[in-house]
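Take a look at the letters that make up each chain.
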Amino acid sequence: MSRVEEADINSSKGDVEKDLLRILSCQAESVSCGTCDVQHLQPVVYMQRCREMLLRLPKETAYVSLMCYNFGVDTYQLKKFEDSSFWLSQSYDIGKMNEKYSPGSEIQAKILRLLATVYLEWDWQRFQEKALNAVSLANEESISVSGLYLKIRILLRGRASPGEGLERLNEMLQSDVSLEVCLSTVKLLMSEDREVLGFEYMKCVCLHFESSPDLGSALVLHIELLLHRGKELLGKQKIEDIITGHYTGKQLTPQALSRLHVLLWDKASRHFETKNYSESLQWYNYSLSFFKAGQIDPNLAKLQRNRASCFLQLKQESYCSAKEAVKEAERCDPDSIFTQFTVYKIAVQENNVERAPKILQHYFWSACCMDKCVFVCVPATAWNSALQCESSPDRMRDFFVLSYQASLAQLCPPDRTILMGQKTCLLMAAAASLELCRRSPPLTQTEELTQALEHIQICWEVWKTLKASGSFPLDPTDTLLLLYEFEARAKLNDPKVETVLESVLELENVETKVLETIAALAMESPAHFPLLCKKALRVALSLHKKQPQTDLSRCSKCVHSLIKLSLPNGVSEVEAHVLEEVWDYYEEALSIITPDDFPEMETLWLLTRAWNTGILMYSLAQYPEAERWCGLAMSFIRHLGSLRESYETQVQRNEPFLSRWAGEGEGSNRGVFVALERDSRT
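Going by the annotation in an unreviewed UniProt entry, the name recorded for the protein is Protein ZIP4 homolog, with Sphaeramia orbicularis given as the source organism.

Shown next, in the form of structure tokens:
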């Protein structure tokens, strides 16, 4: 027999064995969804023969491994955890038979993570160790955030002791995970109320990354967590350690230092609000420790002004310190009119009746010279100067504050006219502070927002006095103050923001535009209050529908935002109550949609998002839910105009499979179902 003939025979034998392997795998698949033990044994027999053939057909290793994985997924969906654990174990073992032709380390890790999940849901008390072993092996195969989080989830489910949990967590540090992943792990522990374990692990992380240039981010997070948990003394010790390190060659990165300044200023401002001025001064002094002697920096000028305000509140014995702080502020930012106003306040509190007017006059002259004003009159020309500073919200705010302060200095009793002027000055100062915050870097936003709140609180008092003197039926002050206060507190992450929203809802004849503005502010960075946003939008939608002539465009925007906020972004966010909430919003959309007046692009958006939610349910093998959502999507097709024919065609391509999901399961249709393609005209 020639070599050519022998090669042909071997090739034919190989093809026959490949065909046989495919036949055996198909037989295994055809009986894999059985419900009795006998039916479970049949695919096991077929698969065992396939596994034996892999010794002669190594290139088919990945195919057989993934088929076992699919069996494991199917049985997991059926809550047949014992069968699922068997198939997933087989999948991993087969993949290890030949590293060259295995599915790859990432797929192997995915198989092990699902196996760990099966053990966790099967009987976590009985199989906790197996679950831990599986996820640990997965992380060895391919480290990932999901694998690390799953391991922590298993530890938290078992309520492991801090010592045991720390031992497990330290295994992560030996896996060369990034500092960012470790810090995310700490945050997860804190969110699960595992405070002791979280802080212990935080110490280990700082020690492990001691030589890392990014260690500062871990140190600052440690301080933030301590302060958030009310451990101010420990937080101060950590801050003092960082200050010591700052002057011994262990400086923080600019990003970490900036974050630390934000924490320090925020803490200081909160103590100032509660009139604990000595404590506020200490936190500002911590921030001051990181500035070099003689450094010129606008932020240092603001810091010194804040320190001066603390000294002024501490009365007579601190006036000298206040003067020194203001002197440093003048050195850093000599053109600041706000610094000059602080000098004026010192003179007033010292009862220096000769110097105070001169300082105020100099203050106005220097400020107005920068705006090319030619005449100064307190408080009217301060008001006029403010109106000329539209492009400079910081100057506008300072002028309005000056105008308000000047009105306080008038000897005549405050009548209705003066109070109206004070109220308007404070409203404008608050608005300017909020605008300045929007334009400012994160480091200074806390200060601007705190100042805005101060103006708002004083304005509330003036407004209460005014309302006691008469009626103001058409005055929008209540609405404006609540809007400004909501924005400031939301961006400060102040829990009182919910109370502000309730006050808005209690307003008489609240406008839908106000509620829509509230919704936007609740999600405007750095604010993030999706629940409050949805609450405001739901009320706005309800009010829109009660109007004699419903504005469908604004209704559609409300529904759009509610659905966008509520739809799950991925597998981890899919929950029954979330989907039911979104379903209710879709029903709202169907109740108001009309072919002629409802925006076609909005209808198309509703259709595609519902359809793709069906795809997500399909990928999770939740076939009845998939059919339900795709059916919902199809109900929007009739409301399309020029795009109707295009999308009808796309849906009809997938429609034959809809009825087969619920009865047949995944079967041979896996991968057939596809997402809708957006029409090129959109």
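Asks: Which parts of the structure should I look at to understand the overall build of the protein?
Replies: Check the secondary structure of the protein and you find 30 helices and zero strands. Buried positions account for 49% of the 682 residues belonging to the protein. Relative to all contacts within the protein whose residues are 6 or more apart in sequence, the contacts with residues 24 or more apart total 64%. Per element, the accessible surface of the protein, about 34,200 Å² overall, is 52% carbon and sulfur.

Asks: Looking at this structure, how should I read the side chain of Thr 444?
Replies: One can find Thr 444 in helix 21 (residues 442-468). Thr 444 has contacts with Asn 299 and Lys 302, leaving out every residue within four places of it along the chain.

Asks: Any chance you could explain the nonpolar core here in plain terms?
Replies: Soluble globular proteins tend to pack their nonpolar side chains together in the buried interior. Ranked by internal contacts, the top residues of the largest apolar core, which has 94 residues, are Phe 486, Ile 563, Tyr 586, Leu 606, Met 617, Trp 629 and Phe 636. Of all the elements, helix 28 (residues 600-619) adds the most residues to this core, at ten residues. Beyond its immediate stretch of four places on either side in the chain, Phe 636 contacts Tyr 586, Ala 589, Leu 590, Ile 593, Thr 603, Leu 606 and Leu 607.

Asks: Got a minute to help me understand helix 10 (residues 215-228) in this structure?
Replies: Think of an α-helix as turning once every 3.6 residues; residues three or four places apart then point the same way. Taking 1.5 Å per residue, 14 residues should reach 20 Å; helix 10 reaches 20 Å between its end C-alpha atoms and fits that length. Among the 14 residues that make up helix 10, ten are buried, leaving the element largely enclosed by the rest of the structure. Three or more residues of helix 10 are buried, namely Leu 215, Gly 216, Ala 218, Val 220, Leu 221, His 222, Ile 223, Leu 225, Leu 226 and Leu 227. In this structure, the buried side of helix 10 is in contact with helix 8 (179-191), helix 9 (195-208), helix 11 (232-246), helix 12 (254-273) and helix 13 (277-288).

Asks: Help me understand helix 23 (residues 497-505) in this model?
Replies: Within helix 23 the residues assigned to the buried category are Val 497, Val 500, Leu 501 and Val 504. For helix 23, the angular spread of buried residues about the axis comes to 100°, placing them on one side. Buried residues belonging to helix 23 abut helix 22 (477-491), helix 24 (512-522) and helix 25 (530-546).

Asks: Explain the packing of helix 22 against helix 23 to me, please; I cannot follow it from the model alone.
Replies: When two helices pack together, their arrangement is given by the angle between the helix axes and by the axis-to-axis distance. Relative orientation of the contacting elements helix 22 and helix 23 amounts to 160°, with a least axis distance of 9 Å. By the angle between their axes, helix 22 is roughly antiparallel relative to helix 23. Crossing of helix 22 over helix 23 shows left-handed handedness. Along its contact with helix 22, which presents Leu 482, Glu 485, Phe 486, Arg 489 and Ala 490, the element helix 23 presents Val 497, Val 500, Leu 501, Ser 503 and Val 504. When its residues are assigned to classes, the contact of helix 22 with helix 23 shows seven nonpolar, one polar and two charged.

Asks: Which parts of the structure should I look at to understand unusual backbone geometry?
Replies: In terms of backbone geometry, most residues other than glycine have negative phi values and most peptide bonds are trans. A cis amide bond links Ser 525 to the next residue, Pro 526, at an omega of 5°. Within the element layout of this structure, Pro 526 appears in the loop between helix 24 and helix 25. Despite not being glycine, Lys 275 has its phi angle at roughly 65°, a positive value. Inspection of the secondary structure assignment puts Lys 275 in the loop between helix 12 and helix 13. Residue classification places Lys 275 among the exposed positions, given a relative accessible area of 62%. Positive phi values are uncommon outside glycine, yet Ala 621 reaches one of about 65°. Topologically, Ala 621 is positioned in the loop between helix 28 and helix 29 (623-634).

Calculation notes
- Residues numbered from 1 in each chain as written.
- Predicted model: local features only at pLDDT ≥ 70, side-chain atom pairs only at ≥ 80, totals over all residues.
- Heavy atoms only, no water.
- Helix = DSSP H or I, 4+ residues; strand = E, 2+ residues; numbered from the N terminus.
- Buried < 20%, exposed > 50% of the residue type's maximum accessible area, 1.4 Å probe, protein only.
- Contact = heavy atoms within 4.5 Å.
- Areas by Shrake-Rupley, 256 points an atom, 1.4 Å probe, with all protein chains shown as cover.
- Core = buried A, V, L, I, M, F, W, Y, C linked by side-chain atoms within 4.5 Å.
- Expected span 1.5 Å × (residues − 1).
- Arc of directions from axis to C-beta.
- Axes fitted to C-alpha atoms, helices over the stretch in contact; angles between N-to-C directions.
- Parallel < 35°, antiparallel > 145°, perpendicular 65-115°, else oblique.
- Left-handed = near helix turned anticlockwise from the far one by under 90°.
- Nonpolar A, V, L, I, M, F, W, Y, C, P; charged D, E, K, R; others polar.

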